[in-house]
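The residues making up each chain are set out below.
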Amino acid sequence: INAEYMGLAPLAVQAVKSILPDDLSPEHTQNVDLGYIRLVKAVGGTVEDTELVHGLALPQKASKMAGGPSKITNAKIALIQFQLSPPKTDMENNVVITDYAQMDRVLKEEREYLLNLCKRIAKSGCNVLLIQKSILRDAVVDTSLHFLAKMKIMVVRDIERSDVEFICKALGCLPIASIDAMSPNKFGVADKVEEISIMDGKLIKITGVKSSNKAVSVILRGATKLLVEESERSMHDALCVVRCLVKSPFLVRGGGAPEMEVAVQLSKWAQTLEGVASFCVRAYAESLEVIPELLALNAGLNPVQITTQLRKHHSDGNKLAGIDVRKGSIVPESAVQVPLLVLTSVIQNATETFLMILKKNDIFHCR
């Protein structure tokens, strides 16, 4: 994944910028909701094939029953949560059929029931139908798919319950729980809905969404499942870094430089204090030196020697000195850059946690 950073890093930046409001006022930059960015994993191709979709991408495929459409322009999208299948009896009830006439009547009424549902859907103006997966009975049957295909309605089945919220936010639509609630004001509108082919399957791509909410999807590609999952973790980390820079557009040097500099300055301040306050500030400064010590330890270096050298550099006024794990030594200016918000959040959360522990009178161990 590291070899493809030149392609993935700009995608992460572009994805976050796409969901930002047009006016980057200070109150807007404080909240960047990564929930409007969807990562879709698709095994096949290479990491270079990863693409950003300004809209919505779904891992499902369109129904091809009876030659159903796989591409719709000027789409009116409905997300339904009711079933397009014949109703079933209550539990512990049975329907007994004794002759062929009764069987024909049952099949005829089921067909009329499904045809009535499909006609009402078509009458509402919907031409793209997203059907949520059902656990009670079949969400849709072949007969319904046949009728919808004849009416030129594109059908996407097996929408996961966990994806409903994001789809509604991205498309600006509302989930429809019954056929009586089918109305155009609950539909999402998009310029184009199409099914695209990848090496090991197909995806649904929805572009040109007419919604006030800005949402994007990143289709992650890779030759193996392991590579795609690693791409997902790397992309999520990159999105979090970009979000930090949007909230607080400042960078500091890494390699343990900021922690050691704060520790040195606190130690100097502790010398000017008296009593208990001096011991508390000195202990706080020593706790910050744990970060460069662990960094040296994880890099296979001598933690005591590296930490002592780094402390000397900062005591001499070299504020940018940090640990270079590749060279195994202290460099005058660390090449690593870290978002300032990450460091301030770590220090603030650690301090608040310690203060919370100090306020506890006792700890009860619970199973």
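Below: a short report on this structure. Bear in mind the structure is a predicted one, so any value in this text is a computation, not a measurement.

**Digging into the overall build of the chain**
From N to C terminus, the chain includes eleven helices and 14 strands. Relative to its length of 367 residues, the chain is extended, with a C-alpha radius of gyration of 29 Å against a globular reference of 21 Å. Along the first, second and third principal axes, the C-alpha atoms of the chain reach 100 × 50 × 40 Å. Relative to its 367 residues, the chain shows a buried fraction of 39%. Counting only contacts in the chain whose residues sit at least 6 apart along the sequence, the fraction spanning at least 24 positions is 76%. Of the roughly 21800 Å² of accessible surface on the chain, 55% is carried by carbon and sulfur atoms. Taking the 43 positively charged and 41 negatively charged side chains of the chain as two groups, their mean positions are separated by 5 Å.

**Re the packing of aromatic side chains**
Counted under the stated rule, the structure contains zero aromatic pairs. Above the face of the Tyr36 ring, Lys169 is positioned so that its terminal group lies 4.5 Å from the ring centre. Sitting above the plane of the Phe279 ring, Arg282 keeps its charged end 5.7 Å from the centroid.

**Focus: the sheet that holds strand β1 (residues 37–43)**
Taken in spatial order, the three strands of this open sheet run β1-β10-β2, and their pairing is mixed. Each end of this open sheet is capped by a strand with a single partner; those strands are β1 and β2 (51–53). Across the sheet, the axes of successive neighbouring strands diverge by a mean angle of 25 degrees, strand direction being ignored. Here β1 pairs with strand β10 (residues 216–222) via seven bridges, running parallel.

**Concerning helix α1 (residues 5–18)**
End to end, α1 covers 20 Å across 14 residues, agreeing with the expected 20 Å (1.5 Å per residue, within 8%). Those residues of α1 that fall on the buried side of the exposure criterion are Leu8, Leu11, Ala12, Ala15, Val16 and Ser18. The buried residues of α1 occupy an angular sector of 160 degrees when the element is viewed end-on, so they sit on one face. Exposed side chains of α1 directed beyond 90 degrees from the buried face belong to Met6 and Lys17. Where α1 is buried, its residues touch β1, β2, β10 and α6 (225–247).

**Focus: the pairing of strand β5 (residues 128–132)**
With five of five residues buried, β5 lies mostly within the body of the structure. In terms of strand pairing, strand β4 (residues 71–80) meets β5 through four bridges, oriented parallel. Following the sheet pairing, Ile80 is matched in β5 by Ile131.

**Things to note about the environment of Ala223**
By the element assignment, Ala223 lies in the loop between β10 and α6. In sequence terms Ala223 and Val47 are 176 residues apart; their C-alpha atoms lie 7.7 Å from each other. Contact partners of Ala223, with chain neighbours within four places excluded, come to Val43 and Gly45.

**Concerning unusual backbone geometry**
The backbone phi angle of Asn74 is positive, close to 50 degrees, even though this residue is not glycine. For Asn74, the position within the fold is in strand β4. The residue Asp158 is not glycine, and still its phi comes out positive at about 60 degrees.

**Regarding the layout of surface pockets**
Put simply, the largest pocket is a space of about 450 Å³. Looking at the largest pocket, it is lined by 17 residues, and the ones nearest its centre are Tyr284, Ser287, Leu288, Ala350 and Thr351. Broken down by secondary-structure element, the contributors of at least two residues to the lining of the largest pocket are α8 (276–288), α9 (290–298) and α11 (340–358). With eight residues, the single largest contributor to the lining of the largest pocket is α11. Classifying every residue of the lining of the largest pocket by side-chain character gives 14 nonpolar, two polar and one charged. What the second largest pocket holds in volume is close to 320 Å³. The wall of the second largest pocket is formed by 19 residues, among which Gly255, Ile323, Ser334, Ala335 and Val336 lie closest to the centre. Every element with two or more residues in the lining of the second largest pocket is listed here: α7 (257–270), α9 and β12 (322–324). Considering only residue class, the lining of the second largest pocket consists of ten nonpolar, five polar and four charged.

Thresholds applied
- Residues numbered from 1 in each chain as written.
- Predicted model: local features only at pLDDT ≥ 70, side-chain atom pairs only at ≥ 80, totals over all residues.
- Heavy atoms only, no water.
- Helix = DSSP H or I, 4+ residues; strand = E, 2+ residues; numbered from the N terminus.
- Rg over C-alpha atoms; globule rule 2.2 N^0.38 Å.
- Buried < 20%, exposed > 50% of the residue type's maximum accessible area, 1.4 Å probe, protein only.
- Contact = heavy atoms within 4.5 Å.
- Areas by Shrake-Rupley, 256 points an atom, 1.4 Å probe, with all protein chains shown as cover.
- Lys, Arg positive; Asp, Glu negative; His and termini not counted.
- Charge placed at Lys NZ, Arg CZ, Asp CG, Glu CD.
- Phe/Tyr/Trp six-rings, centres within 6.5 Å; stacked < 30°, edge-to-face > 60°.
- Lys NZ or Arg CZ within 6 Å of the ring centre and 35° of its normal.
- Pairing = 2+ DSSP bridges.
- Axes fitted to C-alpha atoms, helices over the stretch in contact; angles between N-to-C directions.
- Expected span 1.5 Å × (residues − 1).
- Arc of directions from axis to C-beta.
- 1 Å grid on protein atoms, 1.4 Å probe; cavity = no way out; pocket = protein on both sides within 12 Å on 5 of 7 lines; lining within 4 Å.
- Points joined across faces, edges and corners; volume = space filled by probe spheres on them.
- Nonpolar A, V, L, I, M, F, W, Y, C, P; charged D, E, K, R; others polar.

So far we have only geometry, and geometry alone does not tell us how the molecule works.
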